[in-house]
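# Descriptive structure summary
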Amino acid sequence: MSNAYRGLIVAVSGPSGVGKGTVLARVEELLEEANPGSVGHSISVTTRAPRGAEQDGVEYYFRTTEEFEQMIKDGKIVEYDKYVDNYYGTPSEPLDAMLKKGQDVLFDITIEGSLALNRMFDKDTATIFILPPSMEALENRLRGRGTETEEKIQKRLAQAKAEIKRAGEFEYIVTNDDLERAARDILAVITAEKLKASKNISTAKELE
Ligand code: 5GP
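Model, not experiment: these values are computed from the prediction.

## Considerations on the nonpolar core
Counting residues in each nonpolar core, the largest one holds 26 residues, and the members touching the most others are Val10, Val27, Leu31, Leu106, Ile128, Ile186 and Ile190. Counting residues per element, the ones that place at least two in this core are strand 1 (9–13), helix 1 (20–34), strand 8 (125–131), helix 5 (135–144), helix 6 (150–164) and helix 7 (179–194). Tallying contributions element by element places helix 7 first for this core, with six residues. Not counting chain neighbours up to four residues away, the residues in contact with Val10 comprise Val105, Leu106, Phe107, Ala126, Ile128, Ile186 and Ile190.

## A word on the pattern of salt bridges
If you walk through the whole model with that rule in mind, you get 16 salt bridges. As a salt-bridge pair, Asp177 and Arg181 come within 3.4 Å of each other at their nearest N and O atoms. On the basis of relative accessible area, Asp177 is assigned to the partly exposed category, the value being 44%. Each member of the salt-bridge network shares a partner with another, and the members are Arg26, Glu29, Glu180 and Arg184.

## Comments concerning the packing of helix 5 against helix 6
Where helix 5 meets helix 6, the axes come as close as 10 Å, and the angle between the chain directions of the two elements is 140°. It follows from the interaxial angle that helix 5 and helix 6 lie oblique. You can see that helix 5 and helix 6 cross each other, and the crossing is right-handed. Here Met135, Leu138, Glu139, Leu142 and Arg143 of helix 5 lie close against helix 6, whose contacting residues are Glu150, Ile153, Gln154, Arg156, Leu157, Ala160, Lys161 and Ile164. Counted by class, the contact of helix 5 with helix 6 contains seven nonpolar, one polar and five charged residues.

Parameters and conventions
- Residues numbered from 1 in each chain as written.
- Predicted model: local features only at pLDDT ≥ 70, side-chain atom pairs only at ≥ 80, totals over all residues.
- Heavy atoms only, no water.
- Core = buried A, V, L, I, M, F, W, Y, C linked by side-chain atoms within 4.5 Å.
- Buried < 20%, exposed > 50% of the residue type's maximum accessible area, 1.4 Å probe, protein only.
- Helix = DSSP H or I, 4+ residues; strand = E, 2+ residues; numbered from the N terminus.
- Contact = heavy atoms within 4.5 Å.
- Salt bridge = Lys/Arg side-chain N within 4 Å of Asp/Glu carboxyl O.
- Axes fitted to C-alpha atoms, helices over the stretch in contact; angles between N-to-C directions.
- Parallel < 35°, antiparallel > 145°, perpendicular 65-115°, else oblique.
- Left-handed = near helix turned anticlockwise from the far one by under 90°.
- Nonpolar A, V, L, I, M, F, W, Y, C, P; charged D, E, K, R; others polar.

Printed below as a string of structure tokens:
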């Protein structure tokens, strides 16, 4: 099988409120439509408490800080980061299994998480930073949730500005001005990554 069909880690970061989750859900839908079973799900481990109807083993594996730190010591976490005082990490074994099966794995992950996956999996990773169309649009989205105090909104905006300053550390930048376009831009990145000559040179050599 050509390397063009090897699983790819798609590590997506961007400020809170930029719509990463919605865009990634659409990307997954489009990939599944084109090739059923081609996308794997990584369920992260976190020390934060479940929100609303979230269930252990569905949205996240919910663990105590002691349990999380033990998993790190045991080498069961491939990358982790702290976000708003809680740990979030990617379990190693399921990710390895999905990549071996040739599945693509989409990640909505912190900046440090994306960069760590890129260091570890290198050629099998595409890092993408999602930008809002404007800071005004981001502010409107954060306000639109209607669940947060003004102080919290200002804090998130300040954090968003600091994160956007790091967009240049990513391989690709996609602007989420339109859900469908942003999703298709990510599909284009995935296709281009898989077609890189460095990944397909062995297929060409077979034809020599
Ligand atoms: P939330 O608490 O809203 O579900 O997630 C908070 C943040 O944690 C989001 O920015 C999300 O991208 C990030 N996140 C979720 N899982 C992981 C993970 O396994 N590793 C890292 N580094 N970040 C994660």
